Amino acid sequence: MLSRRILYYTIISGILLFLLFLVHTVYHNRALGATALATLLIFWSLLFGAWLLPRYRPLAQFIAGATAIGALLMTILAATYWSYQITWRESFGALIVIALLVIAVTKNTTLPPYVYYVRRLGKQLAAHYLTVIGATVALVITILLFRHLYQQGILDAERTPWRFIDQPLFFTGIFLAGALLSLAARKQSPALRPLHLISYFARFFGVGVLIFKVGYGFDPFVHRATEEYILAHGVITPKPLWYVGQHALVVALAHLSNLPLAWIDKLLLPASASFFLIGWLYVIAPQ
């Protein structure tokens, strides 16, 4: 006899997987594809994190769950590509495997009362409206800094991006935005406190992405051309063992989300590093 929890989790996972399949086969829309994939991964991260760290705060559970789901996805995709190929079918199959594993492991897991936390956060935001204004100003500064960096972008091959930005302006903006976010978060839910650090890391890691319009690192042309070929044909030979995980993950995310492969290739490392480094060092490690 199936428990009510496992039935709910199975139905939700099935609906989200079906929506992702529908977007791929019918709509072919980038926004819908990315939203469906993100919603699915977030749901599994919340569920898996609640099973991994049942006595921790919801944010710590989510970070641990996202780490585990990401590791599972990379491992399954790398093994699949090394032994066979990566197309949309194999990418979607990896999600089905993860869904079955998550449902089986978390069948007796209870999710935290997120509705309660959302309501409490809403009350805190209403009670401390000045901190909301400060956080909004910090967000505006962050957007302007990203825009400024993008406008300084170059197509040349240079050793460092820091020579091409207005460093006093950049670091002043980072200080102001970080200070405002830090002050705002002190009177808010603990879940908001890592935001200023994530914002710092995102801007520092994002400098290379925004300044170097083509790409950064070693041989971006070669790596992206290889990934584009795998995206179109499913496999490329020979398969270098030290790049199997990167190629499989980038290509699978491009298949599943409908986002351009170049975006994923450029943003995967900065976005992941900003979130996971701060998440583990600032949220989970102190507990």
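Look above for the structure.
Values in this document were obtained by computation on a predicted structure and should not be read as measured data.

Details of the packing of aromatic side chains
So, point 1. Per the stated rule, a full pass over the model turns up 15 aromatic pairs.
So, point 2. Summarising the aromatic geometry, the rings of phenylalanine 201 and phenylalanine 205 are spaced 5.5 Å apart at their centres and angled 70° between planes, so their arrangement reads as edge-to-face. Within this pair, phenylalanine 201 and its partner phenylalanine 205 are both found in helix α8 (residues 195-211), separated by four residues, close to a single helical turn.
So, point 3. Residue class for phenylalanine 201 comes out partly exposed when judged on its relative accessible area of 28%.
So, point 4. Between phenylalanine 275 and phenylalanine 276, the ring centres sit 5.0 Å apart and the planes meet at 80°, which makes this aromatic pair edge-to-face.
So, point 5. Directly above the ring of tryptophan 263 sits arginine 30, whose terminal nitrogen or CZ lies 5.9 Å from the centroid.
So, point 6. Of note, lysine 239 hangs over the ring of tyrosine 81, and the distance from its end group to the ring centre comes to 5.1 Å.

Focus on the layout of surface pockets
So, point 1. In this model, the largest pocket occupies a volume close to 1,100 Å³.
So, point 2. In this structure, the largest pocket is lined by 28 residues; those nearest its centre are Leu41, Leu253, Leu268, Ser272 and Phe276.
So, point 3. At the level of secondary structure, the elements contributing two or more residues to the lining of the largest pocket comprise α2 (30-52), α3 (58-83), α10 (244-257) and α11 (261-284).
So, point 4. Sort the elements by how many residues they give to the lining of the largest pocket and α11 lands first, with ten residues.
So, point 5. Broken down by class, the residue content of the lining of the largest pocket amounts to 23 nonpolar, five polar and no charged.

Regarding the pattern of salt bridges
Between side chains of opposite charge, a pair can form as their charged atoms come close.
So, point 1. Under the definition given, this model contains two salt bridges.
So, point 2. Among the ionic pairs, glutamate 90 bridges to arginine 89, the shortest N-O distance being 3.3 Å.
So, point 3. A relative accessible area of 55% places arginine 89 in the exposed class.
So, point 4. Across the pair arginine 224 and aspartate 265 runs a salt bridge, and its minimum N-O distance is 3.0 Å. Taken together, the residues arginine 224 in helix α9 (residues 220-233) and aspartate 265 in helix α11 connect sequence positions 41 residues apart. Each member of the pair, arginine 224 together with aspartate 265, is buried.

Quick look at a nonpolar patch on the surface
So, point 1. Side chains of Leu7, Tyr8, Ile11, Ile12, Ile15, Phe18, Leu19 and Phe21 sit close together on the surface and give an oily, nonpolar patch of about 740 Å² of accessible area.
So, point 2. You can see leucine 7 is positioned in helix α1 (residues 4-27).
So, point 3. Look at leucine 7 and you get partly exposed, because its relative accessible area is 41%.

Conventions and cut-offs
- Residues numbered from 1 in each chain as written.
- Predicted model: local features only at pLDDT ≥ 70, side-chain atom pairs only at ≥ 80, totals over all residues.
- Heavy atoms only, no water.
- Phe/Tyr/Trp six-rings, centres within 6.5 Å; stacked < 30°, edge-to-face > 60°.
- Helix = DSSP H or I, 4+ residues; strand = E, 2+ residues; numbered from the N terminus.
- Buried < 20%, exposed > 50% of the residue type's maximum accessible area, 1.4 Å probe, protein only.
- Lys NZ or Arg CZ within 6 Å of the ring centre and 35° of its normal.
- 1 Å grid on protein atoms, 1.4 Å probe; cavity = no way out; pocket = protein on both sides within 12 Å on 5 of 7 lines; lining within 4 Å.
- Points joined across faces, edges and corners; volume = space filled by probe spheres on them.
- Nonpolar A, V, L, I, M, F, W, Y, C, P; charged D, E, K, R; others polar.
- Salt bridge = Lys/Arg side-chain N within 4 Å of Asp/Glu carboxyl O.
- Patch = residues over 30% accessible without salt bridge, like charges linked within 9 Å, V, L, I, M, F, W, Y side chains within 5 Å.
- Areas by Shrake-Rupley, 256 points an atom, 1.4 Å probe, with all protein chains shown as cover.

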